[in-house]
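Now for the letters of each chain:
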Amino acid sequence: QPGQIFFDVNSAAPDTKVESAAKVDATGAHFVEGAVMSTVPGPGIKVPILGGGAKAEELAKTLNALGMNITPVSDRPGRASATKLCRSIMIKGMEALIIQCKEASVHWGVEEDVFASLSASYPGMDWKNLAVQMRGRVKQHGVRRSAEMREAAQMVKAIGLDDSLCSGIADVQAAFAGK
């Protein structure tokens, strides 16, 4: 309806958000994209969300007064989603790398050596524990994360980059989620 705000918190490529905004705005309503930037369990309604769109400031004031944590980053859709998906390439990619590394090193009986070497290269990180934690997270959320990485693949392809890394991360996330 004219005057309403449609708040879209789906993980989608920036171009998808721009296209969605055009359709919503054409009705007289207002589109605001939301990019959820952390896991929801724990912070719940206070999870950090980036907002983008002409009414992002207005929406943030209204919903933040109710306990949400929305930070407007642009008066146009696309930037919040780009921020989330670029971050996701790194986070979901690390998950995929660590899980495959652990699985392969266990298979070949070199897990202790591999994780000792990683710890020597990057002191302060508990690689072995991180691999276990990430495996559990991917098993639970891998299907959704795989879909998100397909959106990241669409984003990088749209700017002329090879999307095979993002697609591969999506495949690993799906495989380890059992799909």
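Presented here is an overview of the structure given in this document. Remember, predicted model here, so these are calculated numbers, not experimental data.

The subject of this paragraph is the pattern of salt bridges. Counted under the stated rule, the structure contains ten salt bridges. Put simply, lysine 102 and glutamate 111 hold a salt bridge, and the shortest N to O gap is 2.5 Å. Considered together, lysine 102 and glutamate 111 belong to a single accessibility category, that of buried residues. Within the structure, one salt-bridge network assembled from shared partners comprises Lys84, Lys92 and Glu148.

It is the contact of helix H3 (residues 79–107) with helix H5 (residues 127–158), at a shortest axis distance of 7 Å, that shows an interaxial angle of 135 degrees. The orientation of H3 with respect to H5, classified from their angle, is oblique. Two packed elements cross with a definite hand, and for H3 against H5 that hand is left-handed. Here the residues of the contact of H3 with H5 sort into 18 nonpolar, one polar and ten charged.

Right, let's talk about the sheet that holds strand E1 (residues 5–8) for a bit. The strands that make up a sheet pair up through hydrogen bonds in the backbone, lying either parallel or antiparallel. Here we have four strands laid out as an open sheet, ordered E1-E2-E3-E4, and mixed in their pairing. Taken across any chain shown, the strands that pair with only one partner, and hence form the sheet edges, are E1 and strand E4 (69–74). Averaged over all pairs of adjacent strands, the angle between their axes in this sheet comes to 30 degrees, without regard to strand direction. Examined bridge by bridge, E1 and strand E2 (residues 30–36) share four bridges and lie parallel to one another. Considered in E2, the bridge of isoleucine 5 is made with histidine 30.

So, on to the layout of surface pockets. Reported here for the largest pocket is a volume of approximately 570 Å³. What lines the largest pocket is a set of 23 residues, and nearest its centre among them are Ser38, Thr39, Lys84, Lys92 and Arg144. Per-element tally for the lining of the largest pocket: the top contributor is H5, with eight residues.

Criteria and thresholds
- Residues numbered from 1 in each chain as written.
- Predicted model: local features only at pLDDT ≥ 70, side-chain atom pairs only at ≥ 80, totals over all residues.
- Heavy atoms only, no water.
- Salt bridge = Lys/Arg side-chain N within 4 Å of Asp/Glu carboxyl O.
- Buried < 20%, exposed > 50% of the residue type's maximum accessible area, 1.4 Å probe, protein only.
- Axes fitted to C-alpha atoms, helices over the stretch in contact; angles between N-to-C directions.
- Helix = DSSP H or I, 4+ residues; strand = E, 2+ residues; numbered from the N terminus.
- Parallel < 35°, antiparallel > 145°, perpendicular 65-115°, else oblique.
- Left-handed = near helix turned anticlockwise from the far one by under 90°.
- Nonpolar A, V, L, I, M, F, W, Y, C, P; charged D, E, K, R; others polar.
- Pairing = 2+ DSSP bridges.
- 1 Å grid on protein atoms, 1.4 Å probe; cavity = no way out; pocket = protein on both sides within 12 Å on 5 of 7 lines; lining within 4 Å.
- Points joined across faces, edges and corners; volume = space filled by probe spheres on them.

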